Amino acid sequence: MMKMILRSVCLTVCGTVLLALASLASAAEISVVSSGGFAAAYKALCPEFEKATGDTLKSAWGPSMGDTHNAIPQRLERGESIDVVIMVGNSLDKLVKEGKVDPSSTVLLARSKVALAVKAGAPTPDISTVEALKQTMLNAKSIAYSDSASGKYISNVLIPKLGLADALKDKARMIPAEPVGKVVARGEAEIGFQQLSELKPIEGIHIVGLIPEAVQEVTLFSAGMVKGAKNPEGAKALLKYLASPQSSKIIDDTGLEAANR
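Residues numbered from 1 in each chain as written. Predicted model: local features only at pLDDT ≥ 70, side-chain atom pairs only at ≥ 80, totals over all residues. Heavy atoms only, no water.

(A) Spotlight on the sheet that holds strand S1 (residues 29-34). Spatially, the 6 strands line up as an open sheet ordered S2-S1-S3-S10-S4-S11, and their pairing is mixed. Looking at strand neighbours, the two that pair on one side only are strand S2 (56-61) and strand S11 (257-258), the edges of this open sheet. Sheet topology note: the S1/strand S3 (residues 84-88) ladder contains 3 bridges and is parallel. Across the sheet, the residue bridging to Ser34 is Ile86, located in S3. Set on the sheet, helix H2 (residues 36-53) makes contact with S1, S2, S3, strand S4 (107-112) and strand S10 (219-225); between it and S2 the angle comes to about 170°. (Pairing = 2+ DSSP bridges. Helix = DSSP H or I, 4+ residues; strand = E, 2+ residues; numbered from the N terminus. Contact = heavy atoms within 4.5 Å. Axes fitted to C-alpha atoms, helices over the stretch in contact; angles between N-to-C directions.)

(B) View of the nonpolar core. With 29 residues, the main nonpolar core has Phe38, Ile86 and Leu238 as its most contacted residues. Sorting the residues of this core by element identifies S1, H2, S3, S4, S10 and helix H10 (232-242) as the ones contributing at least two each. Ranked by residues supplied to this core, first place goes to H2 with 6 residues. Setting aside anything within four residues of it in sequence, one finds Ile86 in contact with Val32, Val33, Ser34, Ser35, Phe38, Tyr42, Ile72, Leu109, Ser222, Ala223 and Leu242. Of all hydrophobic cores here, the second largest spans 21 residues; its members include Val114, Ile127, Tyr153 and Leu158. (Core = buried A, V, L, I, M, F, W, Y, C linked by side-chain atoms within 4.5 Å. Buried < 20%, exposed > 50% of the residue type's maximum accessible area, 1.4 Å probe, protein only.)

(C) Main features of helix H4 (residues 89-97). Here H4 has its buried residues at Gly89, Ser91, Leu92 and Leu95. For H4, the angular spread of the buried residues around the axis is 160°, confining them to a single face. Opposite the buried face of H4, at more than 90 degrees from it, the exposed residues are Asn90, Lys94 and Lys97. Positioned one or two residues after H4, Gly99 has a phi angle of 80°, which is positive. (Arc of directions from axis to C-beta.)

(D) A look at the packing of aromatic side chains. As enumerated under the stated definition, the model contains 2 aromatic pairs in all. Here the aromatic rings of Phe49 and Tyr241 are separated by 5.5 Å at their centres, their planes lie at 40°, and the arrangement is tilted. Taken together, the positions of Phe49 in helix H2 and Tyr241 in helix H10 put the pair 192 residues apart, joining distant regions of the chain. No difference in accessibility class separates Phe49 from Tyr241, as the two residues are buried. Over the aromatic face of Trp61 sits the side chain of Lys43, whose NZ or CZ is 4.9 Å from the ring centroid. (Phe/Tyr/Trp six-rings, centres within 6.5 Å; stacked < 30°, edge-to-face > 60°. Lys NZ or Arg CZ within 6 Å of the ring centre and 35° of its normal.)

(E) Region of interest: the sheet that holds strand S7 (residues 172-175). Spatially, the 5 strands line up as an open sheet ordered S7-S6-S8-S5-S9, and their pairing is mixed. Strand pairing shows two members of the sheet lacking a second neighbour, S7 and strand S9 (205-210), which therefore form its edges. The sheet shows a mean angle of 30° between the axes of neighbouring strands, direction not considered. In the sheet, strand S5 (residues 114-119) pairs with S9 via 5 bridges, with the strands oriented antiparallel.

(F) Local environment of the packing of H2 against H10. Following both chains from N to C, one finds H2 and H10 inclined at 115°, their axes separated by 11 Å at the closest point. Taken together, the axes of H2 and H10 are roughly perpendicular relative to one another. Our pair here, H2 against H10, has a crossing hand that is right-handed. On the side of H2, the interface is formed by Phe38, Leu45, Glu48 and Phe49, while H10 contributes Gly234, Ala237, Leu238, Tyr241 and Leu242. (Parallel < 35°, antiparallel > 145°, perpendicular 65-115°, else oblique. Left-handed = near helix turned anticlockwise from the far one by under 90°.)

(G) Representation of the pairing of S4 within the structure. Relative to S10, S4 runs antiparallel, the two being bridged by 5 bridges. Counterpart to Val107 in the pairing with S10 is Ala223. Both S4 and S11 contribute to a ladder of 2 bridges, which runs antiparallel. What sits directly across from Arg111, in S11, is Glu257.

What follows is the structure, encoded as structure tokens:
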């Protein structure tokens, strides 16, 4: 009788160990690089995905464009091992055309809008109309904007459109490789423009609000699997999860507008 009990216990323990080993064997690492605009949503979504799949997400961050060391195009150019990239849609399209991202894998994740912030405790400027925004920019001693999609829009479209190129040339500057909100929080810029989702996580600032719809720029965030990904099955599973309806509320809560809702 005792031998039968011991044998049963052994089989149970061995079975548990084998299941655990099988789970570990099936778990894999997925290498992901996300641009800042989707970073807060991605960080919020990660734990549930890892819990559900047993996979581990190896995450890094970088702009969707530009020449800085961490920019996603630069990472791919030097051959970094990446499974999934999350970035501004038109920049992802460019990587698809260059043969660096699998075109059949791309998914639209969210829409993002540009907001303005000042240092916490500073007077709140008026940006309720286009004219009020223009006056606020003229009155500001210093202006900061990002080196990614929103910043390109501010410098190349908004400032010229408002006729402020000459007036702002000595006080408006692009911030490379750092959230604009941190520069504003340190008091190194009086006002800062960046996507709302990138400003929301920053402490020490007050988000005045979105810039007026008449001059607003909507940026699309998309994701795709890198050609030659080491973990293509894990990449596909992650992309499906990020674009699923169950992810929409978390994405919305970070200041973005989920594409799938």
